[in-house]
Amino acid sequence: MEKTLSFLLLLFSTLFLISSALELGDLRVPWAPRSPSSDAERLIRALNLVPRDPSADLTGGASGVLDGERRIVERSFSLADGVPVDELGHRAGYYRLPSTYDARMFYFFFESRHSKEDPVVVWLTGGPGCSSELAVFYENGPFNIANNLSLVWNDFGWDQASNLIYVDQPTGTGFSYSSDKRDIRHNEDGVSNDLYDFLQAFFAEHPEYAKNDFYITGESYAGHYIPAFASRVHKGNKAKEGIHINLKGFAIGNGLTDPEIQYKAYTDYALDMGIIKEADYKRINKIYPVCELAIKLCGTTGSVSCLASYAICTTIFNSIIKIAGNINYYDIRKQCEGSLCYDFSNMEKFLNQKPVRDSLGVGDVQFVSCSPTVYQAMLTDWMRNLEVGIPALLEDGIKMLIYAGEYDLICNWLGNSRWVQSMEWSGQKDFVSSPEVPFVVDGAEAGVLKSHGPLSFLKVYDAGHMVPMDQPKAALEMLKRWTQGTLADVSYDTENLDAVM
Ligand SMILES: *[C@@H]1O[C@H](CO)[C@@H](O)[C@H](O)[C@H]1NC(C)=O
């Protein structure tokens, strides 16, 4: 049944795409707006399938050798001007993933600037296929990159309140690579198992951190990764697999989690924000019923229907963009400049410098900021509903924070707010009827918060898709209060408290 309907849908969507392509001119793909390329060599290089020097990460001062016994190779480094390596607690590592042919997962680990007792927080950038280094250098990492390519301390790095890990995943993203193309991931099972294996190895390498509170955070397509990863950790804990992971909560910033609801919200948000007019709204909304049907068929495990729904539903987004012109769909106040709508070229320049590469131990592995190969490999995963696993986590007391910058179109706050409110769990009624309270930072309203029990939803003002980039101070405050359990305290404003004390 699913198959027959799916093939019909696929056929339909192909015809639909052809006709809409004629109408639209170009079909822009959100997140990684590049068209699928037939240039096989470029794709292979983009996946890092064949690093020129595959042994590069195994040698040259790393703390161990990546042999059968040891799967993690980690080194301390200092990229801060004049600060000795051992004063920082900054590490870069490769982890050889066990359930793969030859995949190596790259990560950064930044010790908290204040206390080893701070929670351990892992951050995942989305894409799918975009490197978490985007967050390291432009959002919540310890540094920003100056135009002269030197690093400047970020006062609002999340390492001010946590021991912070950034992972490049799925395989083929950032500095992560494999020599075997069978290692590419296509779904959340593959993604979450790799991340779980990594965590086990990480805490085996750093047992002193295993007792700390542990949180999963991230953005955008990580709205898919994070619920799957949190469920995988919780399952491992329950089954007493390996090291117990002290999972306390997970947070998603401007994520894609429940496509059926979120794709419906595009036109509503665009109309509210004046991006499209009433007539456009009515016309584009006609696409939604087919999109909705396809997403329902896709469900949590579909395949052909998921691809079909991607093809159909994406035309909703593309129709809006066509009207909006050169808008930056991550921040509708801005123009789209460059392939990711922002200029992140300093990061690529920085990470391709020989001394930086030597410090990180990445050898000749090519850095891929956003991999089209990984993106395309995950297309069947795109429209799957990742909301379904969340209620079980909430019922077991694991906290969830959904936050969203108000000016993002692509994973807008409206769609996120709607799926969070329609999620069925024991606290649903109380959550929906809970009051909206101001989120105050430095005496000013930085957002509006709704919360009940383990669930919080925060709309962040004056921010687009990348909240920690646009509102670094508010984002750090959010992390602090959320991990400390004081996010919902109305009068809580640490700056004011400091002033009084
Ligand atoms: C690079 O730029 C930063 C920030 O603008 C500045 O503090 C630093 O002195 C500059 N470094 C050099 C070597 O010019």
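Residues numbered from 1 in each chain as written. Predicted model: local features only at pLDDT ≥ 70, side-chain atom pairs only at ≥ 80, totals over all residues.

Participant: Just to check I follow, could you spell out the overall build of the chain for this structure?
Facilitator: Scanning the chain from terminus to terminus reveals 19 helices and 14 strands. Across the 501 residues in the chain, those meeting the buried criterion constitute 51%. (Helix = DSSP H or I, 4+ residues; strand = E, 2+ residues; numbered from the N terminus. Buried ≥ 20, exposed ≤ 12 C-beta atoms within 10 Å, placed from the backbone.)

Participant: Whenever I open this one, the site of the ligand confuses me. Can you help?
Facilitator: Around the ligand sit A146, N148, S150 and V152, and those are all the residues in its vicinity. A class-by-class count of the residues in the shell around the ligand yields two nonpolar, two polar and no charged. (Near = placed C-beta within 6 Å. Nonpolar A, V, L, I, M, F, W, Y, C, P; charged D, E, K, R; others polar.)

Participant: Got a minute to help me understand the pairing of strand β14 (residues 455–460) in this structure?
Facilitator: Looking along a regular strand, one sees the side chains alternate between the two faces of the sheet. By the criterion of burial, β14 is predominantly enclosed, with six of the six residues buried. Residues L455, F457 and K459 line one face of β14 and the alternating positions S456, L458 and V460 line the opposite face, and both faces are buried. Across six bridges, strand β11 (residues 399–405) lies against β14 in parallel orientation. If you follow I402 over to β14, its bridge partner there is F457. With six bridges joining them, strand β13 (residues 444–452) and β14 adopt antiparallel strand pairing. Paired with K450 across the bridge in β14 is F457. Following β13, the chain reverses through two residues before pairing antiparallel with β14; G453 in that reversal takes a positive phi of roughly 55°. (Pairing = 2+ DSSP bridges.)

Participant: I would appreciate a short explanation of helix α18 (residues 472–484) in the present structure.
Facilitator: An α-helix turns once per 3.6 residues; consequently, residues spaced three or four apart project the same way. For α18, spanning 13 residues, the distance from its first C-alpha to its last is 18 Å, which sits close to the expected 18 Å at 1.5 Å a residue. Those residues of α18 lying buried are A474, A475, L476, E477, M478, L479, R481, W482 and T483. Trailing α18 by a residue or two, G485 shows a phi angle of about 80°, which is positive. (Expected span 1.5 Å × (residues − 1).)

Participant: Would you take a moment to explain the confidence of the model for the chain for this structure?
Facilitator: Low-pLDDT portions of the prediction should not be read for the details of their coordinates. Predicted confidence across the chain gives a mean pLDDT of 87, with 84% of residues reaching 70 or more. Counting interchain partners and residues more than four positions distant, the pLDDT-below-50 stretch residues 18–67 has 87 contacts. (pLDDT = per-residue confidence, 0-100. Contact = placed C-beta atoms within 7 Å.)

Participant: In this structure, what is going on with the packing of helix α8 (residues 288–298) against helix α9 (residues 304–324)? I would like to understand it.
Facilitator: Two packed helices can be described by the angle between their axes and the distance between those axes. Viewed as axis vectors pointing N to C, α8 and α9 meet at an angle of 155°, and their least axial separation amounts to 8 Å. Relative to α9, the element α8 lies roughly antiparallel. Crossing of α8 against α9: the hand is left-handed. Listed contacts from α9 to Y288, V290, C291, A294, I295, L297 and C298 of α8 are S305, C306, A308, S309, I312, C313 and I316. Residue composition of the contact of α8 with α9, by class: twelve nonpolar, two polar and no charged. (Axes fitted to C-alpha atoms, helices over the stretch in contact; angles between N-to-C directions. Parallel < 35°, antiparallel > 145°, perpendicular 65-115°, else oblique. Left-handed = near helix turned anticlockwise from the far one by under 90°.)

Participant: Just checking my understanding: could you explain unusual backbone geometry for this structure?
Facilitator: As a rule of thumb, non-glycine residues mostly have phi less than zero, and peptide bonds are mostly trans rather than cis. The amide bond that connects G127 to the next residue, P128, takes the cis arrangement and shows omega of -5°. As for its placement among the helices and strands, P128 is situated in the loop between β4 (120–124) and α3 (133–138). The omega angle of the peptide bond from Q169 to P170 is -5°, so this bond is cis rather than trans. Note that P170 resides in the loop between β7 (163–168) and β8 (177–178). The backbone of K240 sits at a positive phi, close to 50°, despite the residue not being glycine. On the secondary structure map, K240 appears in the loop between α5 (222–238) and β10 (247–253). For K240, a count of 7 C-beta atoms within 10 Å gives the class exposed.

Participant: How do you make sense of α8 when you look at a structure like this?
Facilitator: Those residues of α8 lying buried are C291, A294, I295 and C298. With its buried residues spanning 100° around the axis, α8 presents them on a single face. Count one or two residues on from α8 and you reach G299, which has phi positive near 55°. (Arc of directions from axis to C-beta.)

Participant: How should the packing of helix α6 (residues 259–272) against α8 be read in this particular structure?
Facilitator: Here α6 crosses α8 at 165°, and the two axes come no closer than 10 Å. Looking at the two axes, α6 sits roughly antiparallel to α8. Helix-helix and strand crossings are classified by hand; for α6 and α8 the assignment is right-handed. Listed contacts from α8 to P259, E260, Y263 and K264 of α6 are Y288, C291, E292, I295 and K296. The residue inventory of the contact of α6 with α8, partitioned by class, reads five nonpolar, no polar and four charged.

Participant: What am I meant to see in the environment of D331 here?
Facilitator: Its place among the elements puts D331 in the loop between α9 and α10 (345–351). Judged by C-beta crowding, with 23 C-beta atoms within 10 Å, D331 ranks as buried. Through-space distance from the C-alpha of D331 to that of H465 is 6.3 Å; in sequence the pair is 134 residues apart. When residues no more than four places from it in sequence are discounted, the contact partners of D331 are Y407, D408, G464 and H465.

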